[in-house]
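Structural features, examined
Letter by letter, the chains look like this.
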Amino acid sequence: MSSSNHLQRMGGAAAIIHGAAFLVSIIFYITLLSPLLNADTDEYLAFVADNQVFMRAWILIAYWLTGGMVVVLALALNERLKIGSPALMQVATVFA
């Protein structure tokens, strides 16, 4: 298997993982965190203090996991588009 083909497979897997992680983080936000938008400061801080493990997991999924997968996806797109569409490759890399 060539390194280019391997990178394309990794990019595909990264796209699926990114989408799933993003969806999970949105569901967590809507179901568990959005009620806090109307909470006062004391209620909000009490929730965060009582649910530190959940908050850390949500941040890990919502930011670190999705961000890491975007990096892999950007590299795969860069490799895929650099010969046939160099301008499109540059745009995709910038937006990633």
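Heads up: these notes are all about the structure in this document. All values derive from a computational prediction rather than experimental measurement.

1. Let's talk about the overall build of the protein chain
The secondary structure content of the protein chain amounts to four helices and zero strands. The order of helices and strands in the protein chain, counted from the N terminus, is α-α-α-α. In summary, the protein chain has a C-alpha radius of gyration of 18 Å against a globular reference of 12 Å for 96 residues, an excess of more than 25%. For the C-alpha atoms alone, the extent of the protein chain along its principal axes is close to 55 × 25 × 15 Å. Relative to its 96 residues, the protein chain shows a buried fraction of 17%.

2. Re the packing of aromatic side chains
This structure, assessed with the given rule, holds three aromatic pairs. With centroids separated by 6.0 Å and ring planes inclined at 80°, the aromatic side chains of W58 and Y63 adopt a geometry described as edge-to-face. Classification of W58 as buried rests on a relative accessible area of 13%. Note on Y63: relative accessible area 52%, which makes it exposed. Among the aromatic residues, those joined into a cluster by ring pairs are Y29, W58 and Y63.

3. A word on the packing of helix 1 (residues 3-33) against helix 3 (residues 52-81)
Where helix 1 meets helix 3, the closest approach of the two axes is 7 Å, and the angle between their N-to-C directions is 150°. Classified by the angle their axes make, helix 1 and helix 3 are roughly antiparallel. The two elements helix 1 and helix 3 meet at a crossing, and its hand is left-handed. In the contact of helix 1 with helix 3, the residues fall into 24 nonpolar, six polar and two charged.

Parameters and conventions
- Residues numbered from 1 in each chain as written.
- Predicted model: local features only at pLDDT ≥ 70, side-chain atom pairs only at ≥ 80, totals over all residues.
- Heavy atoms only, no water.
- Helix = DSSP H or I, 4+ residues; strand = E, 2+ residues; numbered from the N terminus.
- Rg over C-alpha atoms; globule rule 2.2 N^0.38 Å.
- Buried < 20%, exposed > 50% of the residue type's maximum accessible area, 1.4 Å probe, protein only.
- Phe/Tyr/Trp six-rings, centres within 6.5 Å; stacked < 30°, edge-to-face > 60°.
- Axes fitted to C-alpha atoms, helices over the stretch in contact; angles between N-to-C directions.
- Parallel < 35°, antiparallel > 145°, perpendicular 65-115°, else oblique.
- Left-handed = near helix turned anticlockwise from the far one by under 90°.
- Nonpolar A, V, L, I, M, F, W, Y, C, P; charged D, E, K, R; others polar.

Keep in mind that these numbers describe shape and distance, not what the molecule does.
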